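Remarks on the overall topology
Here is how the chains run, residue by residue.
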Amino acid sequence: MAGKEWQLGGTETTVYGVFDQLRKRVNANLVNYLMTYAVSQDAVTLEAGSGPAFASSMMNKSSKVDFSIALDIDLEALEEARKRDKTLSLVVADLEHLPIRTDCIDLVWNSSTLEHLPAPEAALDEMVRVTKNKGKVFVGIPNVCGPLGFERLIRETSVGIWIGKTFSLGGLKKLLEEAGLIPERHLHYFFRFFVGVIAHKK
């Protein structure tokens, strides 16, 4: 992911500040959900496509999480994360080539990430590879049946590119199943702007 999909406006602008506050609220709710349904005690978690890693910081503070890793290809985003949270474990890498050994992570996840990739299947295959057997994968992406459904009409515009591709719940489940995962539960979040699915590795 080479763009600045994590960023809306410069980091010193009012627009960025408002967007930042919204993102923090969404991340807090999402982390609570994942802590309840996808994380067991002493878990190792990987946010694969973390941007500035607000959610990974929240996970890192949980008593259930032994080790939390935030990974992104954008060094600037991870530098923002480091300024905010010196305790984070940060990795600069491409989602299609994760520098992590096979079958070692309890939860591999992202939100608002795969829709920006030209080949989300390749990134998802890597997410599955590094997940332990019976471990969990969570993917959250823009919901075609929610307020962002209009994106398919403006896909080639700058706004459409920033939003990324939208998916239905069925389309997301199919993507996960084709990667060898078994969907367990789903949610619509942030006023149905996003749809997410927790799945486990066979």
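Position numbers for residues start from 1 in each chain and track the written sequence from start to end. In view of the model being predicted, local features appear only for residues whose pLDDT reaches at least 70, and side-chain atom pairs are presented and counted only at 80 or more, with totals across whole chains, interfaces and linings using the full set of residues. Processing note: side-chain calculations cover all non-hydrogen atoms of the structure and skip hydrogens and water entirely.

Turning to helix H3 (residues 75-84), a few remarks are in order. Exposed residues in this analysis have more than 50% of their type's maximum accessible area, buried residues have under 20%, and partly exposed residues fall in between, with area computed by a 1.4 Å probe over protein chains only. Strands here are runs of E lasting at least two residues and helices are runs of H or I lasting at least four, both read from the DSSP assignment and numbered beginning at the N terminus. Within the span of H3, buried status applies to Ala77, Leu78 and Ala81. The arc that holds every buried residue of H3, seen down its axis, measures 95 degrees, which confines them to one face. The criterion used for residue contact is that any of the two residues' heavy atoms lie within 4.5 Å. Where H3 is buried, its residues touch strand S2 (65-72) and strand S3 (89-92). Its side-chain oxygen placed 2.9 Å from the backbone nitrogen of Glu76, Asp74 serves as the N-cap of H3. By construction, the arc corresponds to the directions joining the helix axis to the C-beta atoms. For the purposes of these results, a polar contact is taken to be a pair of N or O atoms within 3.5 Å, where, inside protein, one atom must be able to donate a hydrogen and its partner to accept one; residues adjacent in sequence count only when each atom of the pair is a side-chain atom.

A residue's pLDDT is simply how confident the predictor is in it, with values from 0 to 100. The predicted model of the protein chain has a mean per-residue pLDDT of 91, with 90% of residues at 70 or higher. Here residues 1-6 scores under 50 on pLDDT; set against residues more than four positions off or in separate chains, the count is 21 contacts.

Right, let's talk about the sheet that holds S3 for a bit. Any two strands are treated as partners once DSSP identifies two or more bridges connecting them. An order of S3-S2-S1-S4-S5-S7-S6 is seen for the seven strands of this open sheet, with the pairing classed as mixed. Pairing within the sheet leaves two strands with one partner each, and these edge strands are S3 and strand S6 (181-189). Strand-to-strand twist in this sheet, taken as the mean axis angle between neighbours without regard to direction, amounts to 20 degrees. Strand direction decides the pairing type here: strand S1 (residues 43-48) and strand S4 (residues 105-111), joined by three bridges, are parallel. Along S4, the bridge assignment pairs Thr45 with Leu107. Lines fitted to C-alpha atoms define the axes here, with helix axes fitted over just the stretch in contact, and angles between the N-to-C directions of these axes take values from 0 to 180 degrees.

Moving on to the packing of aromatic side chains. Centres within 6.5 Å are what make two rings of Phe, Tyr or Trp a pair, Trp counting through its six-membered ring; a difference in plane orientation under 30 degrees is then read as stacked, over 60 as edge-to-face, and the rest as tilted. Using the criterion set out here, one finds five aromatic pairs in the structure. Here the aromatic rings of Tyr189 and Phe194 are separated by 5.4 Å at their centres, their planes lie at 20 degrees, and the arrangement is stacked. Pair check on accessibility: Tyr189 and Phe194 agree, each one buried. Taken together, the ring pairs connect Phe138, Tyr189 and Phe194 into an aromatic cluster. Two limits define a charge over a ring: the Lys NZ or Arg CZ must be within 6 Å of the ring centre, and within 35 degrees of the ring normal. Taking NZ or CZ as reference, Arg84 lies 4.3 Å from the ring centre of Phe54, over its face. Positioned above the aromatic ring of Tyr37, the side-chain terminus of Arg185 is 3.7 Å from the ring centre.

Here we come to the side chain of Thr166. In this structure, Thr166 sits in the loop between helix H5 (158-163) and helix H6 (169-178). The exposure class of Thr166 is buried, given its relative accessible area of 7%. Sequence-distant contacts of Thr166, that is, excluding residues within four places in its chain, are made with Pro142, Asn143, Val144, Leu148, Glu151 and Arg155.

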